[in-house]
Amino acid sequence: MTVRSGREFLAIPGPTTIPDEVLRAMHRPALDIYSKEMIDLTDGLLRDLSMLFATTGRSYIYIANGHGAWEAVLSNVLSRGDKVLVLESGSFALGWGNAARAMGAEVEVLKGDWSRAVRASEVEAHLRADKNHAIKAVLVVQVDTASGVVNDIKAIGQAIRAAQHPSLFLVDAVASLGCMPFEMDKWGVDVALSGSQKGLMTPPGLAFVAVGEGARAVHKTSNMRAPYWDWTERDGVEHYCRYAGTPPIHLLFALRQAFDLLLAEGLLNVFRRHQLLAEAVRRAVTVWSEGKALGFNIDDACERSNVVTTVLVGDEYDPTKLQRYSSEKCGVILGIGINKLQGKAFRIAHMGHVNAPMILGTLGVVETALKALQIPHGKGGTEAAITYLSENVSS
Ligand SMILES: *Cc1c(COP(=O)(O)O)cnc(C)c1O
């Protein structure tokens, strides 16, 4: 017997739930790609992307996923043999660094830990020690969806400036853009990147890059440039240049609708909704942890992201069983631990198109699974989430 029939809830950190309005926006014929309507669509999206990244710099849209955005950024600002500094705080900055290495860069990793954020003081010390300024770019993620950490991008930007180091500051906001504040210009970020399928509630397939003036200057002499990614090519006069070919029209319709939803709710409200629902999840996990079998992956409460919570599971218990029970019996698809945390954790995403019933339902299902599988846990986790919301969502 199962109780899964009904609408399935995808609680993985990407792709996320696509709003019905966004799905419907794609159900229409393609446009004449040379029409004014097409050009206006592109112009509006590029403008709104720069607004979301909070930059006066220009944005670019690629037909790609986050991995494509990584290459887009690297190929435009690096030259073969350049050294980059990767700030480890989980899986994804390392992945970006691996791409840089494969493309011909030299990669140095500032060792981090999967249980904490990047420490800005360590970044500053590392850059101060680089007296010859061999490091050309610093790579970091705002939220690492594997560890569940949120990094303080503002503080890292300040650390780079405090070290008086000329390195570019490149930031991956794939998991965080549209869910929490991102201030590209204020924080001194040179290039920021994101993707469509997480906080932006759009099907996978679009990658976004925003470029500041410092990066554009370096771009001019970069020798890793390749035609599809090249910002100069994309700045060409014809609209056709914006996508280096046929635009991904239906994904653009979807993105337009997703942006309209975000703007109608108001970005500050969107961020606050994420914070409230994330804290509700954390309240539940805190109570469950009293049973000693579960715990937060991120030690410091201030460093837990508002988009995904990574929950460690003690060695005697199998998180894949919990994940399977939740999906097969109850219709909630939880994230599993990836990379270093494979077989050791599960993840609850609270990212994008999520509301109270989706999150409370998910917590209720996790609690049901914990009981059914006899995984020790403190009683009343979902109740704690309900209490938190009742006290913080004013009547
Ligand atoms: C999901 C994710 C990526 C990778 O995105 P893909 O679209 O799967 O290539 C990169 N960085 C972060 C922080 C992510 O969460």
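Residues numbered from 1 in each chain as written. Predicted model: local features only at pLDDT ≥ 70, side-chain atom pairs only at ≥ 80, totals over all residues. Heavy atoms only, no water.

Some remarks on the domain arrangement of the protein
Rule in force here: Either an automatic procedure or a domain database provided the assignment from which the domain bounds are taken. The quantity reported as buried area is the accessible area (1.4 Å probe) lost by two parts once they are put together, taken as the sum for both. The salt bridge definition used is simple: a Lys or Arg side-chain nitrogen within 4 Å of an Asp or Glu carboxyl oxygen. Three classes are used: nonpolar for Ala, Val, Leu, Ile, Met, Phe, Trp, Tyr, Cys and Pro, charged for Asp, Glu, Lys and Arg, and polar for all others, with Gly counted as polar.
Looking at the assigned domains, one finds that the protein contains domain 1 (9–16 + 266–392) and domain 2 (31–263). Summarising the inter-unit geometry, the C-alpha centres of domain 1 and domain 2 are found 28 Å apart. Of the roughly 2300 Å² buried between domain 1 and domain 2, counting both surfaces, carbon and sulfur atoms make up 63%. Of all residues in domain 1, L267, F271 and E303 give up the largest surface area on contact with domain 2, accounting jointly for 23% of the area buried on that side. One can count zero salt bridges joining domain 1 with domain 2. Considering only residue class, the side of domain 1 that touches domain 2 consists of 12 nonpolar, 10 polar and five charged.

So, the site of the ligand
Defined as follows: One heavy atom within 4 Å of a molecule or strand makes the whole residue count as near it. In protein, a polar contact requires one atom able to donate a hydrogen and another able to accept it; more generally it is a pair of N or O atoms within 3.5 Å, and residues adjacent in sequence count only if both atoms are side-chain atoms. Note that accessible areas follow from Shrake-Rupley with a 1.4 Å probe, and for residues the cover is restricted to the protein chains shown.
Taken together, the residues surrounding the ligand are N65, G66, H67, W70, F92, V143, T145, D172, V174, A175, Q197 and K198. Within the contact set of the ligand, an oxygen atom lies 2.8 Å away from a backbone nitrogen or oxygen of G66. Against a free-state accessible area of 380 Å², the protein chains account for coverage of 90% of the ligand. A class-by-class count of the residues in the shell around the ligand yields five nonpolar, five polar and two charged.

Some thoughts on the packing of aromatic side chains
The line we're drawing: Centre distance within 6.5 Å is the pairing criterion for rings of Phe, Tyr and Trp, where only the six-membered ring of Trp is used; planes under 30 degrees apart are then read as stacked, over 60 as edge-to-face, and the remainder as tilted. Each helix is a run of DSSP H or I of at least 4 residues and each strand a run of E of at least 2, with the numbering of both proceeding from the N terminus. Partly exposed describes any residue whose relative accessible area lies between the buried limit of under 20% and the exposed limit of over 50%, with all areas from a 1.4 Å probe on protein chains only and scaled to the type maximum.
Per the counting criterion, the structure on display carries seven aromatic pairs. Aromatic side chains Y34 and Y240 sit 6.4 Å apart centroid to centroid with 15 degrees between the ring planes, which places their arrangement in the stacked category. In this pair, Y34 is assigned in the loop between α1 (20–25) and α2 (36–53) and Y240 in the loop between α8 (231–234) and α9 (249–265), connecting sequence segments 206 residues apart. A relative accessible area of 61% means that Y34 is categorised as exposed. Y240 sits in the partly exposed class, given a relative accessible area of 42%.

Section: the sheet that holds strand β13 (residues 332–336)
In plain terms, the rule: Pairing between strands is defined by DSSP: at least two bridges between them are needed. Inter-axis angles, ranging from 0 to 180 degrees, are taken between N-to-C directions of lines fitted to C-alpha atoms, where helices are fitted over the stretch in contact. Whether two residues are in contact is decided by their heavy atoms, any of which lying within 4.5 Å being enough.
Across the sheet, five strands lie side by side as β1-β13-β14-β12-β11; this open sheet has mixed pairing. Both outer strands of the open sheet, β1 (9–11) and β11 (294–296), are each paired with one neighbouring strand and no more. Adjacent strand axes in the sheet meet at a mean angle of 35 degrees when their direction is disregarded. Two elements, strand β12 (residues 308–313) and strand β14 (residues 345–349), share five bridges in a ladder whose sense is antiparallel. Counterpart to T309 in the pairing with β14 is I348. Sheet contacts for helix α12 (residues 356–372): β1, β11, β13 and β14; angle to β14, the most-contacted strand, approximately 160 degrees.

Looking at the nonpolar core
Note the following rule: To define a nonpolar core, start from buried Ala, Val, Leu, Ile, Met, Phe, Trp, Tyr and Cys residues and group those joined through side-chain atoms within 4.5 Å.
With 53 residues, the main nonpolar core has F53, I61, L87, V123, F169, F182 and V189 as its most contacted residues. Here this core gets nine residues from one element, more than from any other, and that element is α9. Among the domains, domain 1 (9–16 + 266–392) and domain 2 (31–263) are the pair contributing at least three residues each to this core. Ranked by size, the runner-up nonpolar core spans 34 residues in total, among them V86, V141, A207 and W231.

Points about unusual backbone geometry
For the peptide bond that leads from G14 to P15, omega is -5 degrees, which places it in the cis range. Examined against the element boundaries, P15 turns out to sit in the loop between β1 and α1. A positive phi is found at Q164, a non-glycine position, where the angle reads about 50 degrees. Relative to the elements of secondary structure, Q164 occurs in the loop between α6 (153–162) and β8 (168–172). We classify Q164 as exposed; its relative accessible area is 66%.

As for the environment of T286
Tracing the sequence through the fold places T286 in helix α10 (residues 267–288). Once the C-alpha coordinates of T286 and G378 are considered, the two residues, 92 residues apart in sequence, prove to be 8.4 Å apart. Polar side-chain contacts of T286 include one of 2.7 Å to the backbone oxygen of R282.

Regarding the packing of α10 against helix α13 (residues 381–392)
Rules: With the far helix as reference, a near helix turned anticlockwise by less than a right angle produces a left-handed crossing, and one turned clockwise produces a right-handed crossing.
Look at α10 against α13: their axes get within 7 Å of each other, and the N-to-C directions meet at 145 degrees. As α10 runs across α13, the sense of the crossing is right-handed. On the side of α10, the interface is formed by R272, Q275, L276, L277, E279, A280, R283, A284, V287 and W288, while α13 contributes G381, T382, A384, A385, Y388, L389 and N392. Classifying every residue of the contact of α10 with α13 by side-chain character gives 10 nonpolar, four polar and three charged.

Regarding the sheet that holds β8
Spatial ordering of the open sheet is given by β2-β10-β9-β8-β5-β3-β4, a layout of seven strands whose pairing is mixed. Because the sheet does not close on itself, it has two edges, and the strands there are β2 (58–63) and β4 (106–110). In this sheet, neighbouring strand axes are inclined to one another by 20 degrees on average, regardless of whether the strands run parallel or antiparallel. Contacts between α2 and the sheet are confined to β2, β9 (191–195) and β10 (206–211), with β2 contributing the most and set at about 115 degrees to the helix. Helix α4 (residues 92–102) rests against β3 (83–87), β4, β5 (135–141), β8 and β9 of the sheet, and its axis sits at about 145 degrees to β5.

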